[in-house]
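Chain and residue survey
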Amino acid sequence: MGYIRYLLHDCAIGLLSKAVSDQFMATWSNCRSEPLTLQPMSFFNTDIRPFVIAGPCSAETREQVLETAGALKDMPVQLFRAGIWKPRTKPGSFEGMGIEGLAWLKEAKELYQLPVTVEVAEPAHIEQALKYGVDVLWLGARTTVNPFQVQRLADALKGVDVPVMIKNPVNPDVDLWEGAIERIERAGIKDIAAIHRGFSGYNTNSVYRNEPNWPIPIELKRRKPGLPIFCDPSHITGKRDRIAEIAQKAMDMDFEGLMIETHPRPAEAWSDAAQQVAPETLLFILSHLVVRREYTDEMGKGVEMEYLRQLMDTLDAEIIDLVARRMQLSERMGEVKRSSNITAYQPDRWREIVETRSARALSHNLDKEFILKLYELIHHESIKKQLAILHNEQKELKK
């Protein structure tokens, strides 16, 4: 896949075809002949795909903010981001520069005519951000998960005309995500976008920092077809060398835009250094994205079928990953059974599975017999793995 060739090293940027880069930048320059300003109808309604939000994880110093904004000003970037207040996992970590950082963003906005956005987690953050001319606000995943806090922010936004982006909650709950969006809508905010940044989990073997769990944003798009949904591959991957891959996947699934953390010297970043890219790497990623046609009702049946196949492929991959994780749990269960000297097959447990899975199938209008056949296969494979563990124990005893 050509769009991930930059993974070899930052020096791969030099391999970028000058003709491709020049053509890409010329097209962007024609689209951006005037400074970006808030559009009358919607800030997020743009004919440019993808809508790109870029900038450092955190505003660290005035020099760093201005250097980054200066590097992005002539790129296809619609919105400059920087963390001002950072909700960190543990105290003592760098938690942002606060109001001082807002002054740097205001200066960057005025100097480079680049709209700016920050994360807000408290009503006071909203007041301070608007005072410094911040164009767009966003709610982070750790805020979205708390309806009480979202409501406090919604109350603070009443009577304010500002675009708001809402990241998915840390746990995979589409209702919670939709609920946060609706609270902001009821506050009178008309210009809203969602950001998919992945979900926390307990799978220590995952290749992701936050599991993408693509069916969740797909369902949100189904429920709210007019809502722009952006993807944050930085937080999904946690690794800069996989950002291009996830960005392309988001484009293939008809996401409207991307939020990519960008720093002039990523390795020296004060927070989330591993997932930030240099400005030249961002340009490489964007110029190699394949942006497909947007799905509409007017398209032919062949295009509609291809669109649905892409969604099915994504769901199938998720199903396989989930089955693999279930088998890992079965193996752990086998170890417990071996140490406890109990049988691999337990009839009462199987009856429980049959009853609960059948009921769940019916609640989703699925054929009960189909689900039972599926779980017979899963249960059989699970028992086979546990028997192998018990059999290995017998071999060890005979030695």
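Let me begin by describing the structure that accompanies this report. (Residues numbered from 1 in each chain as written. Predicted model: local features only at pLDDT ≥ 70, side-chain atom pairs only at ≥ 80, totals over all residues. Heavy atoms only, no water.)

On to the packing of aromatic side chains. One pass over the structure, following the stated rule, counts 6 aromatic pairs. Between W214 and F255, the aromatic rings sit 5.7 Å apart at their centres with planes inclined by 85°, giving edge-to-face as the arrangement. One end of the pair, W214, is in the loop between strand 6 (192-196) and helix 8 (215-223); the other, F255, is in the loop between helix 10 (243-252) and strand 8 (257-261), with 41 residues separating them in the sequence. An aromatic cluster is present here, built from F43, F44, F51 and F230 joined pairwise through their rings. (Phe/Tyr/Trp six-rings, centres within 6.5 Å; stacked < 30°, edge-to-face > 60°. Helix = DSSP H or I, 4+ residues; strand = E, 2+ residues; numbered from the N terminus.)

The interhelical angle for the contact between helix 7 (residues 174-186) and helix 8, taken along N-to-C directions, is 45°, at an axis separation of 10 Å. Judged on the interaxial angle alone, helix 8 and helix 7 are oblique. Here helix 7 and helix 8 pass one another in a crossing that is right-handed. Side by side, helix 7 and helix 8 meet where V174, D175, W177, E178 and I181 of the first sit next to I216, P217, E219, L220 and R223 of the second. Along the lines of polarity and charge, the residues of the contact of helix 7 with helix 8 split into 6 nonpolar, no polar and 4 charged. (Axes fitted to C-alpha atoms, helices over the stretch in contact; angles between N-to-C directions. Parallel < 35°, antiparallel > 145°, perpendicular 65-115°, else oblique. Left-handed = near helix turned anticlockwise from the far one by under 90°. Contact = heavy atoms within 4.5 Å. Nonpolar A, V, L, I, M, F, W, Y, C, P; charged D, E, K, R; others polar.)

Attention now goes to unusual backbone geometry. The phi dihedral of N213 falls on the positive side, at around 45°, and the residue is not glycine. Look at N213 and you get partly exposed, because its relative accessible area is 22%. Of note, the phi angle at D254 is positive, near 70°, even though the residue is not glycine. Of note, D254 is situated in the loop between helix 10 and strand 8. According to the relative accessible area criterion, D254 is buried, its value standing at 11%. (Buried < 20%, exposed > 50% of the residue type's maximum accessible area, 1.4 Å probe, protein only.)

Moving on, we get to the pairing of strand 5 (residues 164-167). Because side chains alternate across strand 5, one face comprises the buried residues V164 and I166, and the other comprises M165 and K167, equally buried. As paired elements, strand 4 (residues 136-139) and strand 5 share 3 bridges and run parallel to each other. Note that in strand 5 the partner of L139 across the bridge is I166. Relative to strand 6, strand 5 is paired through 4 bridges, and the arrangement is parallel. Counted as the bridge partner of V164 is I192 from strand 6. Following the backbone out of strand 5, through helix 7 and into the adjacent parallel strand 6, one traces a crossover that is right-handed. (Pairing = 2+ DSSP bridges. Right-handed = clockwise from strand over helix to strand, strands pointing away.)

The sheet built from 8 strands closes into a barrel, its strands ordered 1-2-3-4-5-6-7-8 with parallel pairing. Within this sheet the neighbouring strands show an average axis-to-axis angle of 25°, counted without direction. Here strand 1 (residues 51-55) pairs with strand 8 via 5 bridges, running parallel. Paired with A54 across the strands is I260, a residue of strand 8.

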